[in-house]
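# Geometric and topological summary
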Amino acid sequence: MELKDLKSAWTAYSSQELDKHQLGKENIHELLKNRTKTLVDRIDRNIRIGMAVILIFIAYVIIDDFYLSKLILSESVRYPAWMVPMDVFSNVIIVTTYLFFVFRYWKIKQSFLPDTQLKDLLTGILDTIKTYRRMFYLAVVILLINMVVSFIAGLYQGVKIRTGAINEGLESITMSRLLIIILVGLAFLIPLIAGTFFLLRWGFNKLYGKYLIKLNETLLELDESDNAEF
Amino acid sequence: MEKEFLQIITENQGIIHKVCSIYCDLEEDRRDLFQEILVQLWKSYPSFRSESKFSTWMYRVALNTAITSFKKDKRQPDKTGVSYENLQLAEELYDTGAEDQIKMLNQAVSQLTGVEKSIILLFLEDKKYEEIAEITGITQNYVRVKMNRIKKKLKLLMNQEE
């Protein structure tokens, strides 16, 4: 069968389709009220979710610093002053990284129209998410280092307080006891760090990671025109 | 502006139905895509400046939306099968020859990529290479090259089915 024969079949089929699915103005108006789920719309939605997560994170940090820490720690325990700038640095990195991502994404969306500059828009979004992924993992590494240092400092403080309570110094701890303290510490620290890392990675992939694949696939198709063999 | 938009879309809704037919096998997916295209058209409507024909602009927005539409894996149609909906519709066509042709066309088209589907749709709609290039945003030369490849691919696919 020749392809030209298909044109008449297609015309008959598409007019049959139109008759079957023809919508009135009211139906079209009704459909317009509802949300859609294109790739860009979904990324938009997830950026809003990410923003909510960041706001919750900021709220948690504030509550933790000004309320929870004071509630949990007894007056005899003092939070090491040298850890404050480290905490602030780690939190600021997480928040600024995300704000940078949102700002860049917003600029890309303002610069290109989806109906006429789809390829440029998708390329821009893809580059922005890729850059954010690198920055996100850098921020995660900084956060995890901060957690490790905080944990070790807390462990040290705990042992110091316990030995102080029985009027002994740190030097009184035997090697076997020190080894047990280190092993117990590691038993808590390793799952904590691994769990945090995998949770953050899962969160990133859930919000943005899966769209990297879809964006790449779509761009690959659109890019065919650039790599065409004439 | 909304009234004007509704009027013009109601008159030209055939374009959206055609795009949905070529991109989706399942009725549910078609409904979703129809809605997605509609909302994208509404969002892009303020940027339409009558530099091109309305139908050209509408095809462009509809095809770009179809290419970037996000379907969950479980609802992606079987690439080798023909949908029940399309078969049923084809059966309703009085001409047996046309019915077979539609079956074959659906089967073959479902195996094309998103961009290929847009080009074959415009070809079936009797659009000139110049207009296909304008709608898809690729050069006329490349449309020719791509069209030849699609024709060969479709012939091969349909001959396998015959």
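Another point: the overall build of chain B. A tally of helices and strands in chain B yields eight helices and zero strands. Starting at the N terminus and ending at the C terminus, chain B contains elements arranged as α-α-α-α-α-α-α-α. Put simply, of all contacts in chain B between residues at least 6 apart along the chain, 64% involve residues at least 24 apart.

Time to look at the overall build of chain A. Looking only at helices and strands, one finds six helices and zero strands in chain A. Starting at the N terminus and walking to the C terminus, you meet the elements of chain A as α-α-α-α-α-α. Of all 230 residues assigned to chain A, the portion counted as buried reaches 14%. Across chain A, contacts joining residues at least 24 apart in sequence account for 78% of those joining residues at least 6 apart.

Residue and element names in this part refer to chain B. Taken N-terminus to C-terminus, the directions of helix H1 (residues 2-23) and helix H2 (residues 27-44) make an angle of 135°; their axes are 10 Å apart at the nearest point. Classified by the angle between their axes, H1 and H2 sit oblique to one another. The element H1 and its partner H2 pack so that their crossing is right-handed. Here Phe5, Ile9, Ile16, Val19, Cys20 and Tyr23 of H1 lie close against H2, whose contacting residues are Arg30, Leu33, Phe34, Ile37, Leu38, Leu41 and Trp42. Of the residues that constitute the contact of H1 with H2, the class distribution is twelve nonpolar, no polar and one charged.

Before going further, it helps to examine the packing of helix H4 (residues 83-111) of chain A against helix H5 (residues 118-165) of chain A. Packed helices, taken two at a time, are described by their axes: the angle between them and the distance between them. Residues and elements named next belong to chain A. At their nearest, the axes of H4 and H5 sit 9 Å apart, and the two run at 170° to each other. If you check the angle between H4 and H5, you find them roughly antiparallel. Within the contact of H4 with H5, the residues separate by chemical class into 17 nonpolar, six polar and two charged.

Attention now goes to the nonpolar core. Ranked by internal contacts, the top residues of the largest apolar core, which has 64 residues, are B:Ile16, B:Val19, B:Ile37, B:Ala62, B:Leu105 and B:Ile119. Counting contributing residues, this core receives three or more from each of domain 1 (1-75) and domain 2 (82-162) of chain B.

Let's shift gears to unusual backbone geometry. All names here are of chain B. For aspartate 126, which is not glycine, the phi torsion reads 65° and is therefore positive. By the element assignment, aspartate 126 lies in the loop between helix H6 (114-124) and helix H7 (129-136). The exposure class of aspartate 126 is exposed, given the 10 C-beta atoms found within 10 Å.

Residues and elements named next belong to chain B. Across its 22 residues, H1 extends only 27 Å between first and last C-alpha, which sits more than 12% below the 32 Å expected from 1.5 Å per residue. Along H1, the sharpest kink reaches roughly 60°, centred on asparagine 12. Regarding H1, the residues found buried are Ile9, Gln13, Ile15, Ile16, His17, Lys18, Val19, Cys20, Ser21, Ile22 and Tyr23.

The next subject is the environment of A:Ser111. Along the chain, the position of A:Ser111 falls in helix H4. Counting along the chain gives ten residues from A:Ser111 to A:Leu121, while the straight-line C-alpha distance between them is 7.9 Å.

Another aspect to go through is the confidence of the model for chain B. Residues and elements named next belong to chain B. Confidence in the prediction for chain B averages 77 pLDDT; 80% of positions are at 70 or higher. Averaged over each element, pLDDT in chain B is lowest for helix H4 (residues 84-92) (45) and highest for helix H3 (residues 54-68) (88). Of the regions scoring below 50 in pLDDT, residues 72-94 engages in 32 contacts with residues more than four places distant in sequence or in other chains. Across the whole predicted complex the pTM is 0.61, and at the interface the ipTM reaches 0.70.

What follows concerns the confidence of the model for chain A. Per-residue confidence for chain A gives a mean pLDDT of 81; residues scoring 70 or more make up 89%. Below a pLDDT of 50 lies the segment residues 225-230 of chain A, which in the model reaches seven contacts outside its immediate sequence neighbourhood of four places, other chains included.

With that settled, the discussion passes to the environment of A:Pro80. Residue and element names in this part refer to chain A. Secondary-structure assignment places proline 80 in the loop between helix H3 (39-72) and H4. Take proline 80: there are 13 C-beta atoms within 10 Å of it, and that puts it in the partly exposed class. Put simply, proline 80 and glutamine 157 are 77 residues apart on the chain and 9.3 Å apart in space, counted from C-alpha to C-alpha.

So, on to H5(A). All names here are of chain A. Taking 1.5 Å of rise per residue, 48 residues should cover 70 Å, and H5 covers 68 Å from first to last C-alpha, within 8% of that figure. Turning to H5, its buried residues number three or more, namely Leu118, Leu121, Leu122, Ile125, Thr128, Ile129, Tyr132, Phe136 and Ala139. In the segment just after H5, asparagine 167 is the residue with positive phi, at about 55°.

Conventions we followed
Every chain's residues receive numbers from 1 upward, in the order its sequence appears when written. Throughout, the order in which chains and ligands are written sets their labels, letters from A for the former and numbers from 1 for the latter. Local features in a predicted model are, by the rule used here, given only for residues with pLDDT of at least 70; side-chain atom pairs are given and counted only at 80 or more, and totals for whole chains, interfaces and linings are based on all residues. Every helix listed is a DSSP run of H or I at least four residues long, and every strand listed is a run of E at least two residues long, numbered separately from the N terminus. Here contacts are defined at the residue level, using C-beta atoms placed from the backbone and a cut-off of 7 Å between them. Exposed residues have 12 or fewer other C-beta atoms within 10 Å of their own C-beta, buried residues have 20 or more, and partly exposed residues fall in between, where C-beta atoms are placed from the backbone. Axes here mean lines fitted to C-alpha atoms, for a helix over just the part in contact, with angles spanning 0 to 180 degrees between N-to-C directions. An angle counts as roughly parallel when it lies under 35 degrees, as roughly antiparallel when it exceeds 145, as roughly perpendicular when it falls between 65 and 115, and as oblique in every other case. Each helix crossing is assigned a hand: it is left-handed if the near helix lies turned anticlockwise from the far helix by less than a right angle, otherwise right-handed if that turn is clockwise. When residue character is reported, Ala, Val, Leu, Ile, Met, Phe, Trp, Tyr, Cys and Pro are called nonpolar, Asp, Glu, Lys and Arg charged, and the others, Gly included, polar. Think of a nonpolar core as buried Ala, Val, Leu, Ile, Met, Phe, Trp, Tyr and Cys residues, each tied to the set through C-beta atoms within 7 Å. Throughout the structure description, domain borders are defined by an automatic or database domain assignment. An expected span of 1.5 Å times one less than the residue number is assigned to each helix. At any given residue, the bend is defined as the angle formed between two axes, one fitted to the seven residues that end at that position and one fitted to the seven that begin there. Scored from 0 to 100, pLDDT reflects the predictor's confidence in each residue.

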